[in-house]
Amino acid sequence: MTTPALLPLSGRRLPPLNLGTSSFPHHRATLRLSEKFILLLILSAFITLCFGAFFFLPDSSKHKRFDLGLEDVLIPHVDTSKGGKNLGSFLIHGQGHDEHRHREEEERLRNKIRADHEKALEEAKEKLKKSRDEIQAEIQTEKNKVVQELKKKDSKPLPPVPLPNLIGINSGEPADPDIREKRNKIKEMMKHAWNNYRQYGWGHNELKPIARKGHSTNIFGNSQMGATIVDALDTLYIMGLHDEFREGQEWIDKNLDFSVNSEVSVFEVNIRFIGGLLAAYYLSGQEVFKIKAVQLAGKLLPAFNTPTGIPWAMVNLKSGVGRNWGWASAGSSILAEFGTLHMEFVHLSYLTGDPVYYNKVMHIRKLLQKMDRPNGLYPNYLNPRTGRWGQHHTSVGGLGDSFYEYLLKAWLMSDKMDTEARKMYDDAIEAIEKHLIRKSNGGLTFIGEWKNGHLERKMGHLTCFAGGMFALGADGSRDDKAGHYLQLGAEIAHTCHESYDRTTLKLGPEAFKFDGGVEAVAVRQNEKYYILRPEVIETYWYMWRFTHDPKYRQWGWEAAQAIDKYCRVSGGFSGVKDVYSSSPAYDDVQQSFFLAETLKYLYLLFSNDDLLPLDNWVFNTEAHPLPVLHLANTTLSGNPAYR
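Per an unreviewed UniProt entry, the protein is named alpha-1,2-Mannosidase, and its organism is Dromaius novaehollandiae. The record in UniProt for the protein states the following under Sequence similarities (unreviewed entry): "Belongs to the glycosyl hydrolase 47 family." What the UniProt record of the protein gives under Subcellular location (unreviewed entry) is the line "Endomembrane system".

## A closer look at the overall build of the protein
When you go through the protein residue by residue, the secondary structure sums to 19 helices and 19 strands. In the protein, which comprises 643 residues, the share counted as buried stands at 53%. For the protein, the accessible area works out to roughly 29,100 Å², and carbon and sulfur atoms hold 54% of it.

## Topic: the UniProt feature "active site" (unreviewed entry) in the protein
Taken from the UniProt record, the annotation "active site" (unreviewed entry) applies to Glu268, Asp401, Glu510 and Glu535. Considering the arrangement of structural elements, one finds aspartate 401 in helix H13 (residues 401-413). Classification of aspartate 401 by relative accessible area gives buried; the value is 0%. A distance of 3.5 Å separates polar atoms of two side chains, one belonging to aspartate 401 and the other to serine 402. On the secondary structure map, glutamate 510 appears in the loop between helix H16 (482-501) and strand S14 (511-515).

## Considerations on the sheet that holds strand S15 (residues 518-521)
Hydrogen bonding along the main chain pairs the strands of a sheet, whether they run parallel or antiparallel. Strand order in this open sheet of three strands is S13-S14-S15, and the pairing throughout is antiparallel. The open sheet is flanked by strand S13 (458-460) and S15, the only strands paired with a single partner. Strand-to-strand twist in this sheet, taken as the mean axis angle between neighbours without regard to direction, amounts to 15°. Bridging between S13 and S14 involves three bridges; their strand directions are antiparallel. Counterpart to methionine 459 in the pairing with S14 is phenylalanine 512.

## Let's talk about helix H7 (residues 242-255)
Counted at 1.5 Å a residue, the expected span for H7 with its 14 residues is 20 Å, and the 20 Å between its end C-alpha atoms agrees. Restricting attention to buried positions, one finds in H7 the residues Glu244, Phe245, Gly248, Gln249, Trp251 and Ile252. Angular distribution of buried residues about the axis of H7 spans 160°; they occupy a single face of the element. Among the exposed residues of H7, those pointing more than 90 degrees away from its buried face are Asp243 and Lys254. Elements that come into contact with the buried residues of H7 comprise helix H5 (177-200), helix H6 (227-238), helix H8 (266-284) and helix H9 (287-300).

## Focus on the side chain of serine 265
Relative to the assigned elements, serine 265 resides in strand S3 (residues 263-265). Contacts of serine 265, omitting those with residues within four sequence positions, involve Ile219, Ala313, Met314, Trp325 and Glu337.

## Things to note about the UniProt feature "binding site: Ca(2+)" (unreviewed entry) in the protein
UniProt records the feature "binding site: Ca(2+)" (unreviewed entry) for Thr621 in the present numbering. With respect to the helices, strands and loops of the structure, threonine 621 is situated in the loop between strand S18 (617-619) and strand S19 (625-627). There is a polar contact of 2.9 Å between the side chain of threonine 621 and the side chain of glutamate 405.

## Observations concerning the packing of aromatic side chains
In the structure shown here, the tally under the stated rule is 26 aromatic pairs. Between tyrosine 500 and tyrosine 530 the ring centres are 6.3 Å apart and the planes differ by 75°, which places this aromatic pair in the edge-to-face class. On the criterion of sequence distance, the pair formed by tyrosine 500 in helix H16 and tyrosine 530 in the loop between S15 and helix H17 (535-547) is long-range, its members being 30 residues apart. Judged on exposure class, the residue tyrosine 500 and its partner tyrosine 530 are both buried. With centroids separated by 5.6 Å and ring planes inclined at 55°, the aromatic side chains of tyrosine 540 and tryptophan 555 adopt a geometry described as tilted. Of this pair, tyrosine 540 sits in helix H17 while tryptophan 555 sits in helix H18 (residues 550-566), placing them 15 residues apart in sequence. This pair shows no difference in class: tyrosine 540 is buried, exactly as tryptophan 555 is. Taken together, the aromatic side chains of Tyr378, Trp389, Phe403 and Tyr404 make up a single cluster linked through ring pairs.

## Thoughts on the sheet that holds strand S8 (residues 393-394)
The sheet built from three strands is open, its strands ordered S8-S11-S12 with antiparallel pairing. The open sheet terminates on both sides in strands that have one partner only, identified here as S8 and strand S12 (454-456). Across three bridges, the pairing between strand S11 (residues 449-451) and S12 is antiparallel. Note that in S12 the partner of lysine 451 across the bridge is histidine 454.

## Focus: the nonpolar core
Side chains that are nonpolar tend, in soluble globular proteins, to be buried together. Judged by nonpolar contacts, the single largest core of 164 residues is most densely connected at Ile186, Phe470 and Ile563. When residues of this core are assigned to their parent elements, the largest contribution, twelve residues, is made by H8. Both domains that meet at this core, namely domain 1 (177-212 + 440-607) and domain 2 (257-434 + 609-642), each give it at least three residues.

## A few points about H9
Since the α-helix advances by 3.6 residues per turn, residues separated by three or four positions end up pointing in the same direction. Compared with the 20 Å implied by 1.5 Å per residue over 14 residues, the 20 Å span of H9 between its first and last C-alpha is a close match. Turning to H9, its buried residues are Val288, Phe289, Lys290, Lys292, Ala293, Val294, Leu296, Ala297 and Leu300. Where H9 is buried, its residues touch H6, H7, H8, strand S4 (314-316), helix H11 (342-352) and helix H12 (356-370).

## Topic: the packing of H11 against H13
Taken N-terminus to C-terminus, the directions of H11 and H13 make an angle of 30°; their axes are 9 Å apart at the nearest point. Classified by the interaxial angle, the pair formed by H11 and H13 is roughly parallel. For the pair H11 and H13, the contacting residues are His342, Met343, Glu344, Val346 and His347 in the first and Tyr406, Lys409, Ala410 and Met413 in the second.

## Concerning the pairing of S15
Bridge count for S14 against S15 is three bridges, and the pairing is antiparallel. Within S15, the position partnered with aspartate 515 by the bridge is valine 518.

## Examining the state of the cysteines
Counting across every chain of the model gives one disulfide. Paired through a disulfide, cysteine 464 and cysteine 496 show a sulfur-sulfur distance of 2.0 Å. Between cysteine 464 and cysteine 496, the S-S dihedral sits near -95°, and the bridge is therefore left-handed. Of this pair, cysteine 464 sits in the loop between S13 and helix H15 (466-472) while cysteine 496 sits in helix H16, placing them 32 residues apart in sequence. Residue cysteine 464 shares its accessibility class with cysteine 496, and that shared class is buried.

## Looking at the pattern of salt bridges
Counted under the stated rule, the structure contains 36 salt bridges. Residue glutamate 206 pairs with arginine 272 through a salt bridge whose shortest N-O separation is 3.7 Å. Of this pair, glutamate 206 sits in strand S1 (residues 206-208) while arginine 272 sits in helix H8, placing them 66 residues apart in sequence. As far as the burial class goes, glutamate 206 and arginine 272 line up, both buried. For lysine 254, the salt bridge is made with glutamate 250, and the minimal N-O distance between the two is 3.3 Å. Taken as a pair, lysine 254 and glutamate 250 lie in helix H7 at a separation of four residues, close to a single helical turn.

Reading the values: the criteria
Residues numbered from 1 in each chain as written. Predicted model: local features only at pLDDT ≥ 70, side-chain atom pairs only at ≥ 80, totals over all residues. Heavy atoms only, no water. UniProt positions renumbered as here; feature names shortened; annotations may be inferred. Helix = DSSP H or I, 4+ residues; strand = E, 2+ residues; numbered from the N terminus. Buried < 20%, exposed > 50% of the residue type's maximum accessible area, 1.4 Å probe, protein only. Areas by Shrake-Rupley, 256 points an atom, 1.4 Å probe, with all protein chains shown as cover. Polar contact = N/O pair within 3.5 Å; in protein donor to acceptor, adjacent residues only side chain to side chain. Pairing = 2+ DSSP bridges. Axes fitted to C-alpha atoms, helices over the stretch in contact; angles between N-to-C directions. Expected span 1.5 Å × (residues − 1). Arc of directions from axis to C-beta. Contact = heavy atoms within 4.5 Å. Phe/Tyr/Trp six-rings, centres within 6.5 Å; stacked < 30°, edge-to-face > 60°. Core = buried A, V, L, I, M, F, W, Y, C linked by side-chain atoms within 4.5 Å. Domains from an automatic or database assignment. Parallel < 35°, antiparallel > 145°, perpendicular 65-115°, else oblique. Disulfide = S-S within 2.5 Å. Salt bridge = Lys/Arg side-chain N within 4 Å of Asp/Glu carboxyl O.

Structural data, given as structure tokens:
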């Protein structure tokens, strides 16, 4: 689930400069004429510099030789009273011998430098006989050698850790031919999305399916990190698209580089990249994914270097310098961002045996437990310098959503041993029920937003994930309220389905109101868009798993058909700008989470429950499945990072 406030920022990115050859028609011709001369000039200058350095720089070897000569002279302790003349002659003799050695050494070095100079000139002449392409090929070969050496240094072997008992990583084939046909359709949609990204956006973070070129936003910085590849891997794997999976693995092995001067969102990179790499590792067992995840995690750690230990929202992967979004309540960090690291960081500590990741997220938890919460609610903003809340705005949608999700999932992922996380979840949900959840005049249950003591009767598409969360957390809830929370999940699912059903395209808007006669409908133009989001379908899937009510598959199929009809273009899938228009404009972005989440949840909705069973797997907020760490069949209980 992507924090919605991040999306407008992408509009402020500058277009890439066009540095094509047409802008500089004579540039290549000039290079061809001058390349050889420049190369010779550089080599000659370097050799001349080395030659001159011998005469003009202080020669430490001279001092060394003088000291040794003096020591040789002074070793015999001659009594001057018995013949100072003897000592004087000895000194003179030693100095003369030293000067002679010094002249010989200088001559030898001159001859060596002269020979080296002549050899270098000969090599330069040989180089200049080669074609431009041959020279470039040699340069590229040397660069590749350096890159490989750096990779070897970064790819330190990780300690062997037994994999948890992995159940249900393939199959799930439904017996019902109608359901099987629908599942195959979802698989075909995935292939359409992937193949077009492969053809037009390969290596870029995302795809512009209409312009047919790569796309990125400020959450990924200015580098091409192949976000769609990493995000889509586990979906490809569970769908049995193993050729495509191997394509992605090969790109990651050869091209995914985190030593770039690029400022990225800690939250987004954690849930998409670290979550995606860890899931790919657990599903496939390929070490490269684990190694890359650990390398990237190390690049995120400097973000925690704040006075409170609450991480910055962004960090530069090369320099480690962090900062917060300018729009976030007086430089605050965001609850859904610093509160959505726990799952991935616990797995990092488990896989590496290094407690640093676990300690970072537990420190955040301990700090939050000590803080006062207005009305028992967690505000969305916390200042990492002062440790104080920012403005009192609470949301189960954007800015807050996945914090609550990760409290519940921390408990589930620990084999229900992390009771501290479960208590925090239960306390938070009770406060949310009391202050944020209401019924509309038309009988629709919705979750509003608390802003400075006032409930705003508006619900975001992002908030629709909560229906699935309530169902997932029903078992184990306080006071035997499992039935209550399963029912609450069903009511949220119904409300979110209504937000889809009341549009022209049968796709849900970004946000919808419950004011007066307007219910589950977007009012503002800038809230009428659909950007291929997964949260409603996610809730349908959880509700299907827990109830097997066929309406959830029916609702999911309606959404799949609408996406295929209105969002599919020849170059992939695009978001639409107005779900209430019969001929909407496209936003021309195929989001990476469409492949990671939306299509995965649809595929699982039409699969049997033995594919990624919820007793064994917990999905991160980007739908990347991570195994439950059962104490009985892992070394976790003996892992000091977890204790």
